[in-house]
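Structure assessment
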Amino acid sequence: MPISATYVFPSGDPSTAKYIVVGGFPDKASVISGKPFSGPDGIELKNCLHSANIAISDCYLTYIIKDVDHPRGQYIRETKKGPIISKYGQEYIKVLAKELSKCSAKIIITLGNIPLFVLTDRLSSFKWRGSVIDATLLSNKKVLSALDPNLAIPHIDYTTHKYLKGQYKYRRLLIFDFIRARKVQEGTWNPKNRSISI
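Let me begin by describing the structure that accompanies this report.

Criteria and cut-off values
Residues numbered from 1 in each chain as written. Predicted model: local features only at pLDDT ≥ 70, side-chain atom pairs only at ≥ 80, totals over all residues. Heavy atoms only, no water. Helix = DSSP H or I, 4+ residues; strand = E, 2+ residues; numbered from the N terminus. Contact = heavy atoms within 4.5 Å. Salt bridge = Lys/Arg side-chain N within 4 Å of Asp/Glu carboxyl O. Buried < 20%, exposed > 50% of the residue type's maximum accessible area, 1.4 Å probe, protein only. Pairing = 2+ DSSP bridges. Axes fitted to C-alpha atoms, helices over the stretch in contact; angles between N-to-C directions.

What to know about the environment of Ser131
Along the chain, the position of Ser131 falls in the loop between helix H5 (125–128) and strand E6 (132–134). Distance from Ser131 to Arg180, taken between C-alpha atoms, is 9.0 Å for residues 49 residues apart in sequence. Excluding anything up to four places from it in sequence, Ser131 contacts Val143, Leu144 and Ser145.

Focus on the pattern of salt bridges
Evaluation of the coordinates by the stated rule reveals six salt bridges. A salt bridge links Arg129 to Asp177; the shortest N-O distance between them is 2.7 Å. Placement of Arg129 in the loop between H5 and E6 and of Asp177 in helix H6 (residues 167–186) is noted, with a sequence separation of 48 residues between them. Judged by its relative accessible area of 0%, Asp177 falls in the buried class.

A few points about the sheet that holds strand E5 (residues 107–111)
Picture the strands of a sheet paired through backbone hydrogen bonds; they go either parallel or antiparallel. A sheet is described by the order of its strands in space; here five strands give the open sequence E2-E1-E5-E7-E6, paired in mixed fashion. Of all the strands in the sheet, just strand E2 (59–63) and E6 have a single pairing partner and so form its edges. Here the strands of the sheet are splayed against their neighbours by 30° on average, with no regard to which way each runs. Pairing of E6 with strand E7 (residues 142–146), which is carried by three bridges, proceeds in the antiparallel orientation. Bridging from a neighbouring strand, Asp134 pairs with Lys142 of E7. Contacts between helix H3 (residues 87–101) and the sheet are confined to strand E1 (19–23), E2 and E5, with E2 contributing the most and set at about 170° to the helix. Contacts from H6 reach E1, E5, E6 and E7 within the one sheet, and its direction differs from that of E7 by about 170°.

Printed below as a string of structure tokens:
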């Protein structure tokens, strides 16, 4: 696959990283810097990882789609029934599978709906957040679903010129999920038995 001018290369050492963090698409700041998660979402991500006692140097950071040459919908389009992946998107998923197979980390943190779907065939990061799931794109790796860090960034309602509420809640959820990822990586996480007896 040819490398475009807006291509954002992964960051981190695949041989030593303890965590793989996968986002959906690069933002403008990441394209300009050439490094993933360089914008406001990256600042929020790094703050939440720090709060969960995860060093950014222990993370391998990447995206599903690594350029912004085309509108997002030409790669992967989200619908109510699930994402529709174009041939461009399929090419990038093949690149991602090859890339992640070289990583020694056993836990993948997905940020948002599209990374969750690509790596596990599950829909809705809101429904699955905090869940530890077997990856379907790769074998021998676990996926922890987390929300997109963009949700934790304060946004202004331009009709009232006030900050929208709720961002702090998402920040706490991200930290909680990252703590669970750390426990999975350390081997101290024990899944709860949720079987129901009737």
